[in-house]
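This is what each chain is made of:
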Amino acid sequence: MPYEWSKQPPHHGADWTLSLWPYRSLLKREFVIFIGATAALVALPLLVLLGSVILWVLLPFFAITLSAIWYALHISYRRGEVLEELTASGAHITLRRTNPDGTTQNWQANRHWVRVQLHPTDGPVDNYIILSGGDRKVELGAFLDVSERLSLVADLKRAIADGSN
């Protein structure tokens, strides 16, 4: 699962950190392998044209195609560089979200007043998780899969409830 607890599982008022990140089906190493394999497969038919003028006509299209594939995968990869860290320490819970552009957003509330809400169908995604405390509500893990959010919310409710004892 693309989230991890600092203590497994958090219990009895202990301090903990929950880190969440989007699932990556293509890691950086695999990204390089994919681009290389795509270049090789697209270039294979061009071997027949070695020494011909037609090769020079088709070569720019090959380069444009490969560049477009690389660019699309690169943009997709950059958009997935999100990290959310929920930290329970002492009497506070803090959520820090690092966005793909490097900016951060922070939310803090009293640990004893934080509530976890699951919205099965009425959020932007199914099983939408909201943390409320103080005067603000924040989303958590919207990039996770539906089933991952469902299992996360049970663990999160238990961790927060244990911390308020």
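First, a word on what this report is: a plain description of the structure on this page. Computed from a predicted model, the values in this text were never measured in an experiment. Each chain carries its own residue numbering, running from 1 in the written order of its sequence. Residue-level local features of this predicted model are given only where pLDDT is at least 70; pairs of side-chain atoms are given and counted only at 80 or more, and the full residue set underlies all totals for whole chains, interfaces and linings. Only hydrogens and water are set aside; all other atoms, that is, all heavy atoms of the structure, feed into the side-chain values.

Remarks on the pattern of salt bridges
Two side chains that carry opposite charge are able to pair once their charged atoms sit near each other.
Okay, step 1: Salt bridges are defined as contacts in which a side-chain nitrogen from Lys or Arg sits within 4 Å of a carboxyl oxygen from Asp or Glu. Within the structure shown, the criterion is met by four salt bridges.
Okay, step 2: Between R158 and D155 there is a salt bridge; the shortest N-O distance is 2.5 Å. Of this pair, R158 and D155 both sit in helix α3 (residues 146–163), three residues apart, roughly one helical turn.
Okay, step 3: When a residue's accessible area, from a 1.4 Å probe over protein chains only, is under 20% of the maximum for its type it is buried; when over 50% it is exposed; and in between it is partly exposed. For D155, a relative accessible area of 24% translates into the label partly exposed. We count a stretch as a helix when DSSP gives it H or I for four or more residues in a row; a strand needs E for two or more, and each element gets its number in order from the N terminus.

Remarks on unusual backbone geometry
Okay, step 1: We note that N127 has phi near 55°; this positive angle belongs to a residue other than glycine.
Okay, step 2: Mapped onto the fold, N127 is located in the loop between β6 (115–119) and β7 (128–133).
Okay, step 3: Classification of N127 by relative accessible area gives buried; the value is 10%.

With respect to the environment of E84
Okay, step 1: Locating E84 in the fold gives a position in strand β3 (residues 83–89).
Okay, step 2: Separated by 29 residues in sequence, E84 and L55 place their C-alpha atoms 49 Å apart.
Okay, step 3: The contact partners of E84, leaving out residues within four places of it in the chain, are L18, S19, L20, L95, R96, R97, L140, G141 and F143.
Okay, step 4: Counting of polar contacts relies on pairs of N or O atoms within 3.5 Å, with two restrictions inside protein: one atom must be capable of donating a hydrogen and the other of accepting it, and residues adjacent in sequence are counted only when both atoms are side-chain atoms. There is a polar contact of 2.8 Å between the side chain of E84 and the backbone nitrogen of G141. The contact definition used throughout considers only heavy atoms, calling two residues in contact when any of these lie within 4.5 Å.

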